[in-house]
Amino acid sequence: MTDIPKIVTIQASGVSRMFGARHERFTAVDDVSLTITSRSATGIVGESGSGKSTLSRMLVGLDKPTTGTVTLDGNDISDLARTADGMRELRRTVQFVAQDSTSSFDPRRTLRYAVRRPAQILRGLSRPEADAAVDELLDTLALDPASADRYPGEVSGGQRQRFSLARALIVRPSVLMCDEVVSALDVSVQGTILNFIKQYCAEHDCGLVFVSHGLPATAFISDEMVVMYKGEIIEQRPAEEIISDPREPYTVSLIDAYRGKRTA
Ligand SMILES: Nc1ncnc2c1ncn2[C@@H]1O[C@H](COP(=O)(O)OP(=O)(O)O)[C@@H](O)[C@H]1O
Ligand SMILES: [Mg+2]
């Protein structure tokens, strides 16, 4: 019998997130509704400060909306995050990788330990099984197995970011959320990592949310693209269409900025 993976849906409905006390209340995300599935690759673009990270943190249950709801297959993510079982289910389904892989690793543990643990805890693999899974992933990510015996501070930023991806993918999530994962890396290694993510998600039926201020990278990796401006979604269409026929002046300015015709 073939194992058909079930489609997982994350739905944001009328989600807003405010920061600050009453008088200086600031709306970082403003009434956003968005549907993500394990069959889609969604890119979220916008300039720095447009609310991309705040939105993505709410989509994976790392932050709670001030108003509105985020659901995972119909269950409120904030409710799931409240119980140990719910949290486990959430982490098995959705994995998050962010830009700064330095602070997300325990400096006293080897990289192998960091990648192996989620396989043991979330997939219930034995230590030898988890080690085998680590080796397989390192191989796909073109990482030398010996580098896994190093500590997070002993490898390059590009290598650490690949370990960070390995740590997320070892869980075999239904949806991978990447927030500025290549932004801090040399252009030379960005392409390799983007290609890997794109190929991995296609081959493993893994949904992708790719968040970046970099428009070309986001368009390359996503099918559907969402443009954010001051906390709101101002445009949402297939990536190719947005690039070839942007409707909003803000989107045009984002595209022009990458063509070296920066206007404002
Ligand atoms: N924890 C926080 N407290 C106060 N303001 C925040 C917090 N997180 C984000 N913001 C503000 O919300 C806005 C959107 O931030 P962010 O979601 O990080 O944008 P982006 O990821 O698009 O650069 C920014 O003005 C930022 O300063
Ligand atoms: Mg951000």
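Residues numbered from 1 in each chain as written. Chains lettered and ligands numbered in written order. Predicted model: local features only at pLDDT ≥ 70, side-chain atom pairs only at ≥ 80, totals over all residues. Heavy atoms only, no water.

Per an unreviewed UniProt entry, the protein chain is named Peptide ABC transporter ATP-binding protein, and its organism is Cryobacterium arcticum. What the UniProt record of the protein chain gives under Sequence similarities (unreviewed entry) is the line "Belongs to the ABC transporter superfamily." (UniProt positions renumbered as here; feature names shortened; annotations may be inferred.)

> Got a minute to help me understand the site of ligand 1 in this structure?
The local shell around ligand 1 consists of Phe19, Phe26, Ala28, Glu47, Ser48, Gly49, Ser50, Gly51, Lys52, Ser53 and Thr54. For ligand 1, an oxygen atom lies 3.1 Å from a polar atom in the backbone of Gly51. Between ligand 1 and the protein, one listed contact pairs an oxygen atom with a side-chain N or O atom of Lys52 at 2.8 Å. Elements that contribute at least two residues to the shell around ligand 1 include exactly strand S2 (26–37) and helix H1 (52–59). The element contributing the most residues to the shell around ligand 1 is H1, with three residues. Partitioned by chemical class, the residues of the shell around ligand 1 number three nonpolar, six polar and two charged. (Near = heavy atom within 4 Å. Polar contact = N/O pair within 3.5 Å; in protein donor to acceptor, adjacent residues only side chain to side chain. Helix = DSSP H or I, 4+ residues; strand = E, 2+ residues; numbered from the N terminus. Nonpolar A, V, L, I, M, F, W, Y, C, P; charged D, E, K, R; others polar.)

> Where do I start with the sheet that holds strand S7 (residues 175–179) in this structure?
The pairing of strands in a sheet happens through backbone hydrogen bonds and is either parallel or antiparallel. If you walk across this open sheet you meet the six strands as S6-S7-S8-S3-S9-S10, and the pairing is mixed. With one partner strand each, in any of the chains shown, strand S6 (94–98) and strand S10 (232–238) form the two edges of the open sheet. Averaged over all neighbouring strand pairs, the angle between strand axes comes to 15°, with direction disregarded. Two strands pair when backbone bridges link them, and strand S9 (residues 224–229) and S10 are joined in this way by six bridges, in the antiparallel orientation. By the bridge assignment for S10, Met225 is matched with Arg237. Of the strands in this sheet, S6 and S7 touch helix H6 (residues 157–169), which is tilted by about 170° from S6. (Pairing = 2+ DSSP bridges. Axes fitted to C-alpha atoms, helices over the stretch in contact; angles between N-to-C directions. Contact = heavy atoms within 4.5 Å.)

> I keep staring at the packing of aromatic side chains and nothing clicks. Help me out?
Each aromatic ring pair is characterised by the separation of its centres together with the angle its planes make. As enumerated under the stated definition, the model contains two aromatic pairs in all. With centroids separated by 5.9 Å and ring planes inclined at 40°, the aromatic side chains of Phe196 and Tyr200 adopt a geometry described as tilted. Here Tyr200 and Phe196 lie together in helix H7 (residues 187–203), a separation of four residues that amounts to about one turn. There is no split in this pair, since Phe196 and Tyr200 are both buried. (Phe/Tyr/Trp six-rings, centres within 6.5 Å; stacked < 30°, edge-to-face > 60°. Buried < 20%, exposed > 50% of the residue type's maximum accessible area, 1.4 Å probe, protein only.)

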